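Notes for the structure review
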Amino acid sequence: MPSGTILVINCGSSSIKFALVNPDAQAFALSGLAERLGSPDAVLHWQAAGQKHTRAIATADHRAALAQLLPLVQQAAGEQLLGIGHRVVHGGEHFTSASLINPQTLAAIRQTAPLAPLHNPANLQGIEAALALFPELPQVAVFDTAFHQSLPEHAYRYALPEVLYREHGVRRYGFHGTSHRYVSLRAAELSGLPVTDSSWLSAHLGNGCSTCAIVNGQSRDTSMGLTPLEGLAMGTRSGDVDPNLFGHLSRTLDWSLEQIEHMLNHDSGLLGLSGLSNDMRSLEQARAKGHPGATLAIEVFCYRLAKSLAAMGCALPRLDGLIFTGGIGENSALVRSKTLEHLQLLNLRLDPAANLACVGGNSGPIELQGHTRVLVIATNEERQIALDTLAAINTVALPN
Ligand code: ADP
């Protein structure tokens, strides 16, 4: 595949994360964040050639922020810029891979918005702003859900009346697909196994957390569902709870739907359990000083993670290795070791010294000799989005 530079854009409702990625180079030529968009405090931070910069862009919206970015991108990429890759959270059942942006793609992303009411409209704002500012460049949407479209029906269907699936798209979709895909490809490469004959469990542990079972390069099950709330305990999300909790809180406390959703998404998880923080690093420090809430939050987080990984094992023919990634997975020796204490049934044991050494960007194998492979791999969603964008552009450019 010919290489070249891709501008990767990840738009939130009031922010834009961006990176200029050339798959041939390790470092990004330009990367940064525009945040608090639409407010008087809007600001653009970027890093290029080892230098950090900040510029106030008061009241700038997505389009104005991208316009500020344009000369920086042109300076850093010049003629090398081949296209733009947009992270889009939800592709529903429509998108099984990255897709070149055209009127049909935009309409399908819009149609999927009810499934991701906070994310997809923000992603669309970024795409529309970028189309206006870079009309000559091919642009590609890369979906968090697409990798999981290979789930078999028995893994993606809820045990609910069929009409909810057939007419309303109520099923498990899964997220973090770009990250699970990237680390599973790296795991195969690092282990000298062909991707097409490999079998992995992956744990993406950032602010949002999910597990995934990957067989021969395809996702076969994952812990997130219709929305990113299902599955593991996360920074502020509860993960799995008894669905009757909604009725119970409504009847006993007279809570509204919005209150319950807010509590489950924003006040729960590590934050809710600890009463202290959603941040694992802070919780580890508090635990070391004997904070009972922080101690419990970490215990629950690790036990639920182990339980999810064991369950994902049902989707694998064998286990070539377990992958830890995301801010917690890449840095917390404590979480990795506590999680694996619950997984001895899967022949997973850690080498304590190797585990402690894999922090702060150090990747590698951390299993005890003679036990199943355990890998710490730094995720790089921007790089995977750039690779998928290049592949989508090149597929279209190829003659039939
Ligand atoms: P996001 O999902 O926002 O991309 P990250 O992947 O950056 O998040 O992960 C953020 C999480 O990683 C936080 O809980 C943070 O405390 C945790 N983390 C980062 N560094 C460490 C560390 N050295 N030890 C423990 N946890 C860490």
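Structure's up top.
What you see is a predicted model, and the numbers here were worked out from it, not measured in a lab.

**Observations concerning the overall build of the protein chain**
- On a plain count of helices and strands, the protein chain comes out with 15 helices and 14 strands.
- Compactness check: the protein chain gives a C-alpha radius of gyration of 21 Å against a globular reference of 21 Å for 400 residues, within 12% of the reference.
- Seen through its C-alpha atoms, the protein chain measures out along the principal axes to roughly 55 × 55 × 45 Å.
- Residues counted as buried form 48% of the 400 residues belonging to the protein chain.
- The contacts of the protein chain with a sequence gap of at least 6 include a subset with a gap of at least 24, amounting to 62%.
- Within the structure as shown, the protein chain displays about 18500 Å² of accessible surface, and the carbon and sulfur contribution to it stands at 53%.
- On the protein chain, the mean spot of the 27 positive side-chain charges and the mean spot of the 33 negative ones are 4 Å from each other.

**Let's talk about the packing of aromatic side chains**
- Within this structure, the stated rule accounts for two aromatic pairs.
- Relative to Phe-143, the ring of Phe-95 has its centre 4.1 Å away and its plane inclined at 15°; by these criteria the two rings are stacked. Of the two residues, Phe-95 is situated in the loop between β6 (81–88) and β7 (99–100) and Phe-143 in strand β8 (residues 139–143); the sequence distance between them amounts to 48 residues.
- Note on Phe-143: relative accessible area 3%, which makes it buried.
- Between Tyr-156 and Tyr-165, the aromatic rings sit 5.9 Å apart at their centres with planes inclined by 50°, giving tilted as the arrangement. Of the two residues, Tyr-156 and Tyr-165, neither departs from the other in class, the shared state being buried.
- The side chain of Arg-171 reaches across the aromatic face of Tyr-156, ending 3.7 Å from its centre.

**Here's the deal with the site of the ligand**
- Around the ligand, the surrounding shell consists of Gly-206, Asn-207, Asp-279, Met-280, Arg-281, Glu-284, Gly-326, Gly-327, Ile-328, Asn-331 and Ser-332.
- Within the side chain of Asp-279, a nitrogen or oxygen atom sits 2.8 Å from an oxygen atom of the ligand.
- For the ligand, an oxygen atom lies 3.3 Å from a polar atom in the backbone of Ile-328.
- Expressed as a share of its isolated accessible area of 580 Å², the protein-covered part of the ligand is 69%.
- The set of elements that each furnish at least two residues to the shell around the ligand consists of α10 (280–288) and α12 (326–331).
- Top element by residues in the shell around the ligand is α12. It accounts for four residues.

**Side note on the sheet that holds strand β12 (residues 321–325)**
- In space, the six strands of this open sheet follow the order β11-β10-β9-β12-β14-β13, with mixed pairing throughout. A strand with exactly one partner marks an edge of an open sheet, and here the two such strands are β11 (218–222) and β13 (364–365).
- Where strand β10 (residues 209–215) meets β11, four bridges bridge the pair, whose relative direction is antiparallel. Residue pairing across strands places Val-215 opposite Gln-218, the latter belonging to β11.

**Overview of the packing of helix α2 (residues 103–112) against helix α3 (residues 119–133)**
- α3 packs onto α2 with a crossing angle of 160° between their chain directions and a minimal axis gap of 9 Å. It follows from the interaxial angle that α2 and α3 lie roughly antiparallel. α3 is crossed by α2, and the crossing has left-handed handedness. Contacts from Leu-106, Ile-109, Arg-110 and Thr-112 in α2 reach Asn-120, Leu-124, Ile-127, Glu-128 and Leu-131 in α3.
- Considered class by class, the residues forming the contact of α2 with α3 number five nonpolar, two polar and two charged.

**Here's the deal with the sheet that holds strand β5 (residues 51–56)**
- The strand order β5-β4-β3-β2-β1-β6-β8-β7 describes an open sheet built from eight strands, whose pairing is mixed. Pairing within the sheet leaves two strands with one partner each, and these edge strands are β5 and β7.
- Sheet topology note: the β7/β8 ladder contains two bridges and is antiparallel. Bridge assignment links Ser-99 to a residue of β8, and that residue is Ala-141.
- Sitting on the sheet, helix α1 (residues 62–77) touches β1 (5–11), β2 (16–21), β3 (30–35), β4 (43–48), β5 and β6, and the angle it makes with β2 is about 15°.

**Details of the pattern of salt bridges**
- Applying the stated criterion to the full structure yields 13 salt bridges.
- Where Arg-157 meets Glu-153, a salt bridge forms, and the shortest distance between an N and an O atom there is 2.9 Å.
- Under the relative-accessibility criterion, Glu-153 is labelled partly exposed at 38%.
- The residue Arg-172 makes a salt bridge to Asp-221 at a minimum N-O spacing of 3.2 Å. Linking Arg-172 in the loop between α5 (162–168) and α6 (177–191) with Asp-221 in strand β11, this pair joins segments that are 49 residues apart in sequence.
- Residue classification places Arg-172 among the buried positions, given a relative accessible area of 9%.

Thresholds, definitions, all that
- Residues numbered from 1 in each chain as written.
- Predicted model: local features only at pLDDT ≥ 70, side-chain atom pairs only at ≥ 80, totals over all residues.
- Heavy atoms only, no water.
- Helix = DSSP H or I, 4+ residues; strand = E, 2+ residues; numbered from the N terminus.
- Rg over C-alpha atoms; globule rule 2.2 N^0.38 Å.
- Buried < 20%, exposed > 50% of the residue type's maximum accessible area, 1.4 Å probe, protein only.
- Contact = heavy atoms within 4.5 Å.
- Areas by Shrake-Rupley, 256 points an atom, 1.4 Å probe, with all protein chains shown as cover.
- Lys, Arg positive; Asp, Glu negative; His and termini not counted.
- Charge placed at Lys NZ, Arg CZ, Asp CG, Glu CD.
- Phe/Tyr/Trp six-rings, centres within 6.5 Å; stacked < 30°, edge-to-face > 60°.
- Lys NZ or Arg CZ within 6 Å of the ring centre and 35° of its normal.
- Near = heavy atom within 4 Å.
- Polar contact = N/O pair within 3.5 Å; in protein donor to acceptor, adjacent residues only side chain to side chain.
- Pairing = 2+ DSSP bridges.
- Axes fitted to C-alpha atoms, helices over the stretch in contact; angles between N-to-C directions.
- Parallel < 35°, antiparallel > 145°, perpendicular 65-115°, else oblique.
- Left-handed = near helix turned anticlockwise from the far one by under 90°.
- Nonpolar A, V, L, I, M, F, W, Y, C, P; charged D, E, K, R; others polar.
- Salt bridge = Lys/Arg side-chain N within 4 Å of Asp/Glu carboxyl O.

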